[in-house]
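# Geometric and topological summary
If you want the building blocks of each chain, they are given just below.
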Amino acid sequence: MARTIGIDIGGTGIKAAIVDVENGELVSEKIKVGTPEGAKPADVADVVHELVEQLDPNGSLPIGVCFPAVIINEVAMSAANVDRSWIGTNVGDLFEAKTGRKVHVVNDADAAGFAEVKFGAAKGVNGLVMVTTLGTGIGSALIYNGVLIPNSELGHINLPGSKWRTAENLAANSARVKRNLSWTRWAERLQVYYGTLEKLFSPQLFVVGGGVSKEYENFLPLLELNTPIIPAQHFNNAGILGAAALAPFSD
Ligand code: BGC
């Protein structure tokens, strides 16, 4: 069995489990801890180390990590919802130094999207699949014929009629909660967002992830699109599964 430790780093929580990357299944308990106050690199690295020690003490399983920023060659290039000191940090090197293991880092939405195509709601779908995660921000993943096109960052587009506000400002789940929007009012914003993406990319399928996708019945049926739009299958485990599956040394 090919196994990797998958770790999903978020602004509020850090989740980890051992993953069977052939079948896309968690093969250990999932451990979830709070993100340290301020989410500074050194503190997060300590948590990653502790999680690895708990899951695989004295072992040598490699680690796949997903992180909420643009990641190029393991380096964080943005910090929309995390501490700015991550920008320019080689996240892979930081965690490798701390854990003594091989670490591979990708964007969180890319990991979740890849997991949905490989093991979930979009399995077997060819052409362009667009996966979006509706959370604190909006993450996006583009997967064409099973190949991930990384760092698409489509949560940061400006929506028509909203000169200075990005899609994630207006339509992330955090915007719904903060402004106490009804499902109907929130769906109006999502309609503009997905309508824009549809016009620009003509995908085969939209998959909607993030914690709120569990409540998809409240908002997905309100959207009128030409493209099918379905909830993610792995919900909050998708990041762990995709991070583990994208680690190139997991075979
Ligand atoms: C970040 C993305 C991330 C998304 C979801 C956005 O603010 O720019 O990199 O994928 O939030 O966490």
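Above this note sits the structure.
Residues numbered from 1 in each chain as written. Predicted model: local features only at pLDDT ≥ 70, side-chain atom pairs only at ≥ 80, totals over all residues. Heavy atoms only, no water.

Within the structure, the ligand sits among Pro68, Ala69, Ala80, Asn81, Asn107, Asp108, Ala109, Ile138, Gly139, Glu153, His156 and Glu168. Between the ligand and Asp108, the relevant distance is 2.5 Å, taken from an oxygen atom to a side-chain nitrogen or oxygen of the residue. Here the ligand has 320 Å² of accessible area as a free molecule, and 93% of this is covered by the chains. Of the pockets mapped on this structure, the ligand occupies the largest pocket. Listed by contribution, the elements that provide at least two residues to the shell around the ligand are helix H3 (108-119) and strand E10 (138-144). By residue class, the composition of the shell around the ligand is 5 nonpolar, 4 polar and 3 charged. Counting contributing residues, the shell around the ligand receives three or more from each of domain 1 (3-108 + 238-245) and domain 2 (121-231). (Near = heavy atom within 4 Å. Polar contact = N/O pair within 3.5 Å; in protein donor to acceptor, adjacent residues only side chain to side chain. Areas by Shrake-Rupley, 256 points an atom, 1.4 Å probe, with all protein chains shown as cover. 1 Å grid on protein atoms, 1.4 Å probe; cavity = no way out; pocket = protein on both sides within 12 Å on 5 of 7 lines; lining within 4 Å. Sits in = over half its atoms within 2 Å of the grid points. Helix = DSSP H or I, 4+ residues; strand = E, 2+ residues; numbered from the N terminus. Nonpolar A, V, L, I, M, F, W, Y, C, P; charged D, E, K, R; others polar. Domains from an automatic or database assignment.)

One face of the sheet, then the other: side chains in a regular strand alternate in exactly this way. Summarising burial for E10: 6 of the 7 residues are buried, a large majority. Here strand E9 (residues 128-134) runs beside E10; their pairing, made up of 7 bridges, is antiparallel. Bridge pairing links Met130 to Leu142 in E10. The hairpin formed by E9 and E10 contains 3 residues between the paired strands. (Buried < 20%, exposed > 50% of the residue type's maximum accessible area, 1.4 Å probe, protein only. Pairing = 2+ DSSP bridges.)

Let's shift gears to the layout of surface pockets. The volume enclosed by the largest pocket comes to roughly 910 Å³. Lining the largest pocket are 45 residues, and of these Gly10, Asp108, Thr133, Gly135 and Thr136 lie nearest its centre. Elements that contribute at least two residues to the lining of the largest pocket include exactly strand E1 (3-9), strand E2 (13-20), H3, E9, E10, helix H5 (173-178) and helix H7 (238-246). Ranked by residues supplied to the lining of the largest pocket, first place goes to H3 with 4 residues. Residues of the lining of the largest pocket, tallied by class, amount to 15 nonpolar, 23 polar and 7 charged. Both of domain 1 (3-108 + 238-245) and domain 2 (121-231) provide at least three residues apiece to the lining of the largest pocket. (Points joined across faces, edges and corners; volume = space filled by probe spheres on them.)

Turning our attention to empty space enclosed by the protein. In this structure the tally under the stated criterion is 1 cavity of 30 Å³ or more. Of the voids in this model, the largest cavity is the one considered here, and its volume is about 30 Å³. Around the largest cavity, the lining residues are Ile9, Gly10, Gly11, Thr35, Ala39, Val44, Phe67 and Val82. In the lining of the largest cavity, the residues fall into 5 nonpolar, 3 polar and no charged.

All right, on to the pattern of salt bridges then. Here the structure, examined in full by the defined rule, presents 5 salt bridges. Notably, a salt bridge pairs Lys15 with Asp8, separated by 3.8 Å at the nearest N-O pair. Accessibility assignment for this pair places Lys15 and Asp8 in one class, buried. Two residues, Arg101 and Asp56, come together in a salt bridge whose shortest N-O distance is 2.5 Å. In this pair, Arg101 sits in the loop between helix H2 (91-99) and strand E8 (103-107) while Asp56 sits in the loop between helix H1 (41-55) and strand E5 (63-67), placing the two residues 45 residues apart along the sequence. Judged by relative accessible area, Asp56 falls into the buried class, the value being 12%. (Salt bridge = Lys/Arg side-chain N within 4 Å of Asp/Glu carboxyl O.)

Here we come to the packing of aromatic side chains. Taken as a whole and assessed by the stated rule, the structure comprises 7 aromatic pairs. Centroid distance Phe67 to Trp86: 4.5 Å. Interplanar angle 50°. Geometry classified as tilted. Taken together, the positions of Phe67 in strand E5 and Trp86 in the loop between strand E7 (75-76) and H2 put the pair 19 residues apart, joining distant regions of the chain. The two residues Phe67 and Trp86 agree in class, both being buried. Joined through ring pairs, the aromatic side chains of Phe67, Trp86 and Phe95 make up one cluster. Over the face of the ring belonging to Trp186 we find Arg176, whose NZ or CZ atom lies 5.5 Å from the ring centre. (Phe/Tyr/Trp six-rings, centres within 6.5 Å; stacked < 30°, edge-to-face > 60°. Lys NZ or Arg CZ within 6 Å of the ring centre and 35° of its normal.)

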